[in-house]
Amino acid sequence: AQSVTQLDSQVPVFEEAPVELRCNYSSSVSVYLFWYVQYPNQGLQLLLKYLSGSTLVESINGFEAEFNKSQTSFHLRKPSVHISDTAEYFCAVSDRKGAQKLVFGQGTRLTINP
Amino acid sequence: DAGVTQSPTHLIKTRGQQVTLRCSPKSGHDTVSWYQQALGQGPQFIFQYYEEEERQRGNFPDRFSGHQFPNYSSELNVNALLLGDSALYLCASSPNRGAGNTIYFGEGSWLTVV
């Protein structure tokens, strides 16, 4: 079984400031790692994912996340945030075998202040 | 290309009633999963359908049941509704090509039980 812990329920930052959203996971098997974003009144959209290879993965809108196996972490970062980044961010894992079932963290609400 | 579509978007039911939620997967996807997202929480996996059969199930009671049709669309049924069933119900689809595929989510059906 897997579990995901997002260490911050809310993160307020000023526009153009850097941000880090923290995610730790627990699993007895190897996993794939995902970050999903949920804008107000919308469904979930995939932001980025780690399957294998380079431990640093990037999204098209400037976010990046680094897989750290020893610390079982997959923190999400952005060097300069924009008002439009205001959303709920969910870290998730799935095991590498069998059907695609996601286990989500509780979410981190990112609020960008002008 | 339409993504994952869900209906209805919002509904209000009375405790003890039954509800049916519907989902059409993204074109080319044959695997459909359902998640429950309570207010302020991360989505929780209910079950997954592939080839018209329930392939995996999360920790939800038998009041939650589903169906998948030959065209891959799916329904989620909840019987004997409880106040605690109030949540956003998300449908997700993916191709059955092993773990790690991107899972696409619909915008969800908001269920309020009064």
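Please refer to the structure higher up on the page.
Residues numbered from 1 in each chain as written. Chains lettered and ligands numbered in written order. Predicted model: local features only at pLDDT ≥ 70, side-chain atom pairs only at ≥ 80, totals over all residues. Heavy atoms only, no water.

Remarks on the state of the cysteines
As a reminder of what qualifies: Whenever a pair of cysteine sulfur atoms sits within 2.5 Å, that pair is classed as a disulfide. Each helix corresponds to a stretch of at least 4 residues labelled H or I by DSSP, and each strand to a stretch of at least 2 residues labelled E; elements are numbered beginning at the N terminus. Working definition: with a 1.4 Å probe on protein chains only, accessible area under 20% of the residue-type maximum means buried, over 50% means exposed, and in between means partly exposed.
For the structure on display, the rule yields 2 disulfides over all chains. One disulfide in the model links C23 of chain A with C91 of chain A; its S-S distance is 2.0 Å. Because the torsion about its S-S bond is -65°, the bridge between C23 of chain A and C91 of chain A counts as left-handed. Placement of C23 of chain A in strand β4 (residues 23-27) and of C91 of chain A in strand β10 (residues 87-95) is noted, with a sequence separation of 68 residues between them. Judged on exposure class, the residue C23 of chain A and its partner C91 of chain A are both buried. Covalently, C23 of chain B is tied to C91 of chain B through a disulfide, its sulfur atoms 1.8 Å apart. The sign of the S-S torsion, about -65°, decides the handedness of the disulfide formed by C23 of chain B and C91 of chain B: left-handed. Note that C23 of chain B is positioned in strand β3 (residues 19-24) and C91 of chain B in strand β9 (residues 87-94), a separation of 68 residues in sequence.

Points about the packing of aromatic side chains
Residues and elements named next belong to chain A. Going by this rule: Two rings from Phe, Tyr or Trp (for Trp, the six-membered ring) form a pair when their centres are within 6.5 Å of each other. A pair whose planes differ by under 30 degrees is stacked, one over 60 is edge-to-face, and the rest are tilted.
Tallying each qualifying case throughout the model produces 13 aromatic pairs over all chains. Ring geometry for Y50 versus F67: centroids 4.6 Å apart, planes at 25°, classification stacked. On the criterion of sequence distance, the pair formed by Y50 in strand β6 (residues 44-50) and F67 in strand β8 (residues 64-68) is long-range, its members being 17 residues apart. Taken as a pair, Y50 and F67 share a single burial class, namely buried. Seen in terms of ring centroids, F63 and Y89 are 5.5 Å apart; in terms of plane orientation they differ by 45°. Their pairing is tilted. Highlighted residues: F63 in the loop between β7 (56-58) and β8 and Y89 in strand β10, separated in sequence by 26 residues. For the pair shown, F63 and Y89 are each scored as buried.

A word on the sheet that holds strand β8 (residues 74-78) of chain B
The pairing of strands in a sheet happens through backbone hydrogen bonds and is either parallel or antiparallel. All names here are of chain B. What counts, and what does not: DSSP-based pairing: two strands are paired if at least 2 bridges between them are found. Fitting a line to C-alpha atoms yields each axis, with helices limited to the stretch in contact; the angle taken between N-to-C directions then spans 0 to 180 degrees.
Spatial strand order, β1-β3-β8-β7: 4 strands in an open sheet with antiparallel pairing. In the strand order of this sheet, the two ends are held by β1 (5-7) and β7 (64-68), each with one partner. The average undirected angle you get between the axes of adjacent strands in this sheet is 20°. One ladder, built from 5 bridges, connects β7 with β8; its direction is antiparallel. Across the sheet, G66 pairs through a bridge with L76, a residue of β8.

So, the pattern of salt bridges
Residues and elements named next belong to chain A. Counted only if it meets this: What counts as a salt bridge is simple: a side-chain nitrogen of Lys or Arg found within 4 Å of a carboxyl oxygen of Asp or Glu.
Counted under the stated rule, the structure contains 8 salt bridges over all chains. Of the charged contacts, one joins K78 and D85 as a salt bridge, the two residues approaching to 2.8 Å between their closest N and O atoms. On the accessibility criterion, K78 (9% relative accessible area) is buried. Counted as one network, the salt bridges with shared partners bring together E20, E66 and R77.

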